[in-house]
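Report on the structure
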Amino acid sequence: MSHTLVTCASADEWREHLSQLREESLTVGFVPTMGALHEGHLSLVRRSLAETDRTVVSVFVNPTQFNDPEDLDSYPRDLEADRRLLEEVGAHFLVVPSEQEIYRDEYRYRVTESEVSRVLEGAQRPGHFDGVMTVVLRLFGIVRPDRAFFGEKDYQQLLLVGGMGEAFGLDVEVVGCPTVREEDGLAMSSRNRLLNVADRWLASEWARLLREGSSAEAVRAGLADRGIEVEYVEDRWGRRLGAVVIGGVRLIDNVPL
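Just so it is clear, the model here is predicted, and its values are computed rather than measured.

Once that is clear, we can look at the packing of helix H7 (residues 128–143) against helix H8 (residues 155–167). To describe two helices that pack against each other, one gives the angle between their axes and the distance between the axes. In contact at an axis separation of 10 Å, H7 and H8 are set at 50° when each is read in the N-to-C sense. Here H8 runs oblique to H7, going by the angle between their axes. Along this stretch, H7 crosses H8, giving a crossing that reads as right-handed. Contact residues: H7 offers Phe129, Val132, Met133, Val136, Leu137 and Phe140, while H8 offers Gln156, Gln157, Leu160, Val161 and Met164. Counted by class, the contact of H7 with H8 contains 9 nonpolar, 2 polar and no charged residues.

See the structure below:
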């Protein structure tokens, strides 16, 4: 881990490094993020470091995947803290593109999927997955990775990004990585830091019920008994997936069935 993290403030700056890496026939791993990094993100970075020659992390808070402007405004941002964590874990490159670079067309062109994206998260957050898939496709176009690493916590997103790669014949392998959890079982998330002490305990109950419930109906009932607002809990794709709102903070999770 003796190298220094190289920060690229633009796509052009990154492309200069990429051409050098290609000349040296080095493989590139990619972890796209919205920043506010935590151990879950770092586990993806470590996986990339273990499986590719050079690891690139992007930080871009993507406005097109937020259907609630207040949610976008309150999303935690701390680029300096992110940079320190990436340096400590040994990432090679940090790419921080501007909104102008990502959305030169002002989001006139976008990726839409007509089945998986319409349920669960897609039903609760109209347009969310259009924004996710579009920004991932554009980031893939900038970074040109050999492998890209995504957490299973956003399982529906993982399915859609993998499916998009296959549908469009993208020359990148999408790798799913296990969810990283706090000691009490709550899935690590940038949003967890927005919870107060009482709500943080309720969040641990949410994670426990999702994991231990005998059925999706039983989980929903248990959450309602604790006064937790339930958006959905459903069994699909061999997983139990759910979304709740606790203390105004929206949390998602899933566990294998």
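On we go.
This brings us to the sheet that holds strand E5 (residues 147–151). Taken in spatial order, the 6 strands of this open sheet run E1-E4-E3-E2-E5-E6, and their pairing is parallel. Of all the strands in the sheet, just strand E1 (6–8) and strand E6 (173–177) have a single pairing partner and so form its edges. On average, each strand axis in the sheet is tilted by 25° relative to the strand beside it, whichever way the strands run. Of the pairings in the sheet, the one linking strand E2 (residues 28–33) to E5 comprises 2 bridges and is parallel in character. The residue of E5 that forms the bridge with Phe30 is Ala148.

Turning to the sheet that holds strand E7 (residues 229–236), a few remarks are in order. Taken together, 3 strands build an open sheet; the order of strands is E7-E8-E9 and the sheet is antiparallel. On the outer flanks of this sheet lie E7 and strand E9 (249–256), each paired with one strand and no other. In this sheet, neighbouring strand axes are inclined to one another by 10° on average, regardless of whether the strands run parallel or antiparallel. With 7 bridges connecting them, E7 and strand E8 (residues 239–246) associate as antiparallel partners. Note on E8: the bridge partner recorded for Arg236 is Arg239. Helix H9 (residues 197–212) contacts E7, E8 and E9 of the sheet and is inclined by roughly 160° relative to E8.

The rules behind the values
- Residues numbered from 1 in each chain as written.
- Predicted model: local features only at pLDDT ≥ 70, side-chain atom pairs only at ≥ 80, totals over all residues.
- Heavy atoms only, no water.
- Axes fitted to C-alpha atoms, helices over the stretch in contact; angles between N-to-C directions.
- Helix = DSSP H or I, 4+ residues; strand = E, 2+ residues; numbered from the N terminus.
- Parallel < 35°, antiparallel > 145°, perpendicular 65-115°, else oblique.
- Left-handed = near helix turned anticlockwise from the far one by under 90°.
- Contact = heavy atoms within 4.5 Å.
- Nonpolar A, V, L, I, M, F, W, Y, C, P; charged D, E, K, R; others polar.
- Pairing = 2+ DSSP bridges.

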